[in-house]
Amino acid sequence: MSRKLMIAGNWKLHLTVEEAVSLAGEIASGLMREDLDILVIPGFLALEPVALSLSSSPVLVGGQNIFWEDQGAYTAEVSGPQLKAAGARYVLIGHSERRQYFNETEKTCRLRLEAALKAGLRPILCVGETLAERESGQAEGVLESQLSGGLAGLEAGQMDQVTIAYEPVWAIGTGLTASEEQAAQAHAYIRGWIGARFDKDVANSTRILYGGSVNPANAAGLLNQPEVDGALVGGASLSAESFLGIIQAA
Ligand code: 13P
């Protein structure tokens, strides 16, 4: 079963609204590939302006997080219906920075994932081990608990909306990319886990992105791995030149 590659740019806590709209415009006008899904993930303030500026472009827009209630007395949270109405199509769930600095747990990831599906957004569930976990032989155990927690109770039929992003924490923002073999091995583990938890068809059709210091020089090697279905890019997505370079390498 063929899986469409996705190149996604997570802009994290960077760019003013004006800068974000300008970068989105540069990406859209430089785009030469329509066989890939291209996604930009701005901060919340820039999401709607960026989505509006991309309305006649194939570039998709996503949110960096989502709260599990639709509305209510939850100061500073952003809900699924708000994201959807602002133009988001995808949303990150459980990015390691959220797990590390904002106490995201498997349980809150699962609630957010449910809220995304309910709002008609496609969740991108981020999983990945720290260096200490890798070095002590726990990498697969960590992936297993993040996958089983984040996807708890999900039915096979809902998995066509779900993307997984494997982002080893030690490779994020460090310049230390996972080797092609390390990425291939982790992706194969994740696909095997999905096959065992759901079924082979679900495993074969689920898109699994790699994230962690992806740049135009290393993108082709990583994306050539048959189990790697795209990239979730941080730092190198903040310049049109390097993001387009990654797209071109795909
Ligand atoms: P870097 O590409 O800066 O390592 O960030 C990866 C990431 O966290 C994307 O979500």
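Refer to the structure above for everything that follows.
This is a predicted model, so every value here is computed, not measured. (Residues numbered from 1 in each chain as written. Predicted model: local features only at pLDDT ≥ 70, side-chain atom pairs only at ≥ 80, totals over all residues. Heavy atoms only, no water.)

**Student:** So what's going on with the overall build of the chain? Residues and values would help.
**Tutor:** Scanning the chain from N- to C-terminus turns up 11 helices and 8 strands. Computed over the C-alpha atoms, the radius of gyration of the chain is 17 Å, within 12% of the 18 Å expected from 2.2 N^0.38 for a compact globule of 250 residues. Burial analysis of the chain (250 residues in total) assigns 51% to the buried set. When the accessible surface of the chain is totalled, it reaches about 11000 Å², and 51% of it is carbon and sulfur. Across the chain, the 18 positively charged side chains and the 29 negatively charged ones have centroids separated by 5 Å. (Helix = DSSP H or I, 4+ residues; strand = E, 2+ residues; numbered from the N terminus. Rg over C-alpha atoms; globule rule 2.2 N^0.38 Å. Buried < 20%, exposed > 50% of the residue type's maximum accessible area, 1.4 Å probe, protein only. Areas by Shrake-Rupley, 256 points an atom, 1.4 Å probe, with all protein chains shown as cover. Lys, Arg positive; Asp, Glu negative; His and termini not counted. Charge placed at Lys NZ, Arg CZ, Asp CG, Glu CD.)

**Student:** Residue-level account of the sheet that holds strand S2 (residues 37–41), with values.
**Tutor:** With respect to topology, 8 strands assemble into a closed barrel ordered S1-S2-S3-S4-S5-S6-S7-S8, the strand pairing being parallel. On average, each strand axis in the sheet is tilted by 25° relative to the strand beside it, whichever way the strands run. Pairing between strand S6 (residues 163–166) and strand S7 (residues 207–211): 4 bridges, direction parallel. Looking at the pairing, Ala165 lines up with Leu209 of S7. With respect to the sheet, helix H8 (residues 180–197) is in contact with strand S5 (122–127), S6 and S7, its orientation differing from that of S7 by roughly 150°. (Pairing = 2+ DSSP bridges. Axes fitted to C-alpha atoms, helices over the stretch in contact; angles between N-to-C directions. Contact = heavy atoms within 4.5 Å.)

**Student:** Describe the pairing of S2, naming the residues involved and giving the relevant values.
**Tutor:** Counted residue by residue, S2 has 5 buried out of 5 residues, so it is predominantly covered. Because side chains alternate across S2, one face comprises the buried residues Asp37, Leu39 and Ile41, and the other comprises Ile38 and Val40, equally buried. Taken together, the 5 bridges between strand S1 (residues 6–10) and S2 define a ladder with parallel strand orientation. Residue pairing across strands places Ala8 opposite Leu39, the latter belonging to S2. The pairing of S2 with strand S3 (residues 60–63) spans 2 bridges and is classified as parallel.

**Student:** Let's hear about the site of the ligand: which residues, and what values?
**Tutor:** In the vicinity of the ligand there are 13 residues, among which Lys12, His95, Gly173, Ser213 and Gly235 approach most closely. At a separation of 2.9 Å, an oxygen atom of the ligand approaches a polar backbone atom of Gly234. One of the backbone nitrogen or oxygen atoms of Gly235 is found 2.8 Å away from an oxygen atom of the ligand. Protein burial of the ligand: of its 300 Å² of free accessible surface, 95% is covered by the chains. Put simply, the ligand lies in the second largest pocket. Per-class residue counts for the shell around the ligand are 4 nonpolar, 7 polar and 2 charged. (Near = heavy atom within 4 Å. Polar contact = N/O pair within 3.5 Å; in protein donor to acceptor, adjacent residues only side chain to side chain. 1 Å grid on protein atoms, 1.4 Å probe; cavity = no way out; pocket = protein on both sides within 12 Å on 5 of 7 lines; lining within 4 Å. Sits in = over half its atoms within 2 Å of the grid points. Nonpolar A, V, L, I, M, F, W, Y, C, P; charged D, E, K, R; others polar.)

**Student:** An account of the packing of aromatic side chains is needed here, citing residue identities and associated values.
**Tutor:** Under the defined criterion, the tally for this structure stands at 4 aromatic pairs. Here the aromatic rings of Phe67 and Trp68 are separated by 4.5 Å at their centres, their planes lie at 35°, and the arrangement is tilted. When the centroid spacing of 5.0 Å and the interplanar angle of 50° are considered together, the rings of Phe67 and Tyr74 count as tilted. With a relative accessible area of 38%, Tyr74 lands in the partly exposed category. In textbook terms, an aromatic cluster arises when at least three aromatic residues are bridged by ring pairs, as seen for Phe67, Trp68 and Tyr74. (Phe/Tyr/Trp six-rings, centres within 6.5 Å; stacked < 30°, edge-to-face > 60°.)

**Student:** Lay out the pairing of strand S8 (residues 230–233) in plain terms, naming residues and giving numbers.
**Tutor:** Residues Gly230 and Leu232 of S8 are buried on one face, and the alternating residues Ala231 and Val233, pointing to the opposite face, are buried as well. As judged from the 4 bridges shared by S1 and S8, these two strands associate in the parallel manner. Within S8, the position partnered with Ala8 by the bridge is Leu232. The pairing of S7 with S8 spans 2 bridges and is parallel. Bridging across to S8, Gly211 finds its partner in Leu232.

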